[in-house]
Structures are given as structure tokens and as C-alpha cells.
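Chain by chain, the residues run as shown.
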Amino acid sequence: MERNQELMATIRLETFIAAPIERVFNLARSIEVHMAGSEHTGERVVSGRRSGLIEVGDTVTWEARHLGVKQMLTSEVVKVIPNELFEDIMLKGAFASMRHTHLFTEVSGGTLMVDKFHFTAPLGLLGRLAECLFLTAYMRRYLWRKNAKLKELAESSDWREWLEGD
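Read on for an overview of the structure. Since the structure is predicted, the reported quantities are computational estimates derived from the model, not experimental observations.

Reading the values: rules and limits
Residues numbered from 1 in each chain as written. Predicted model: local features only at pLDDT ≥ 70, side-chain atom pairs only at ≥ 80, totals over all residues. Heavy atoms only, no water. Helix = DSSP H or I, 4+ residues; strand = E, 2+ residues; numbered from the N terminus. Rg over C-alpha atoms; globule rule 2.2 N^0.38 Å. Contact = heavy atoms within 4.5 Å. Areas by Shrake-Rupley, 256 points an atom, 1.4 Å probe, with all protein chains shown as cover. Lys, Arg positive; Asp, Glu negative; His and termini not counted. Charge placed at Lys NZ, Arg CZ, Asp CG, Glu CD. Salt bridge = Lys/Arg side-chain N within 4 Å of Asp/Glu carboxyl O. Buried < 20%, exposed > 50% of the residue type's maximum accessible area, 1.4 Å probe, protein only. Pairing = 2+ DSSP bridges. Axes fitted to C-alpha atoms, helices over the stretch in contact; angles between N-to-C directions.

1. What about the overall build of the protein?
Each helix and strand counted, the protein has 4 helices and 7 strands in total. Its helices and strands taken in sequence order, the protein reads β-α-α-β-β-β-β-β-β-α-α from the N to the C terminus. What you see for the protein is a C-alpha radius of gyration of 15 Å, in line with the 15 Å of a compact globule of 166 residues. If you line up the protein on its principal axes, its C-alpha atoms span 45 × 35 × 30 Å. The contacts in the protein between residues at least 6 apart in sequence include a share of 50% that link residues at least 24 apart. A total accessible area of about 8,800 Å² is found for the protein, and carbon and sulfur atoms account for 54% of it. Charged side chains in the protein number 21 positive and 23 negative. The centres of these two groups are separated by 6 Å.

Structure, rendered in C-alpha cells:
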């Protein structure tokens, strides 16, 4: 059961990207770009959607090493509004619950991408303590690194290699 969002740990991360909103939105939905931004964890797809741009109803099971432990997380894309937002939730994984909303706004000179990452660690009070002591900071760094890679690709001429047909 998902804990009330007010009680969940929340990370809000803003990234300005000097690129058109459609390019940023599509790169953010790319399985390949996600893996490129997660190289430091060895993240890979083990089932579900394996390539291309995720859409509503797609599920992906990721395997990665986080905090020294190999983990699997299955997520489902539950909402997509083109060039505005997409949202995924955890179906199975190490968190007690997880919801990640990706928001996109056209701004002067590019796109503002905002991540709202809500999660609950397992193990009740012990998990809440872990959220406060290290887990929230770890997840913020993880998201920052993924966004830095997306920004690098979107702002370079390399983005075309990642988006077939664009």
C-alpha cells in the first residue's frame, strides 16, 4: 500500500536544458538515454520495454547496483502528456513505494525539466531513518547524474543518434 504523498520522501530537481522541449521530452523517455545516464550503476533492462521511447502502459524491469547491492525494479508508465509530462510508478522493487513525475516547460532559451520523485523506503521507522540519513541524498545524486547526461546529449549535436527518425 502506498503511503500518503505528504509522508513520502520527496526530491524536486530542476534542470535547465538549452534545447527545444520536444527533443528534451523524447530524450527523457528514451530507454537508451536512461541507461547511458545510469552507467555508473550498471543499469540494464531485463524485461519489458527494451528500447525506444516509453509510452503509457509500458513496463520496464531494470537491474542495477545501488549502494553496493544488485537490485531489480519494475516500473510502469501511467501517464504521458506529450511535451508536458510523463509519470511512472514502481510495481516491484526495493522501495515500499515510488512515483516519479517528469515535468517539462518551455522557457526562454530552452526547456525546464523538473523531476518530482516521491518514495518510501521499506522497513517502517528504520526505513524512514535511512531516508533521512542517506537515501534521499543518494537518490538526488542519482537523478542529477542522469539529468546531466540528458542535458549533455540534448545540447549537443549527438541527440540525433539517440532519437530515431527525428
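2. A few points about the pattern of salt bridges
Where side chains of opposite charge bring their charged atoms close, a pairing between them can arise. Scanning all chains against the criterion turns up 8 salt bridges. Salt-bridge contacts for Arg-12 lead to Glu-14; the nearest nitrogen and oxygen are separated by 2.4 Å. Given the relative accessible area of 45%, Arg-12 is considered partly exposed. On the basis of relative accessibility, which here comes to 48%, the residue Glu-14 falls in the partly exposed class. The salt bridge partner of Glu-63 is Arg-44, with a shortest N-O separation of 3.0 Å. Taken as a pair, Glu-63 in strand β3 (residues 59-66) and Arg-44 in strand β2 (residues 44-48) lie far apart in primary sequence, 19 residues in all. Overall, Glu-63 belongs to the buried group, its relative accessible area being 12%.

3. Concerning the sheet that holds β2
If you trace the 7 strands from one edge of the open sheet to the other, you get β1-β7-β6-β5-β4-β3-β2, paired in antiparallel fashion. Unpaired on one side and paired on the other, β1 (9-17) and β2 mark the two borders of the sheet. Neighbour-to-neighbour, the strand axes of the sheet open up by a mean angle of 25°, direction not taken into account. Note: β1 against strand β7 (residues 110-120), 9 bridges, orientation antiparallel. Bridge pairing in β7 links Phe-16 to Leu-112.

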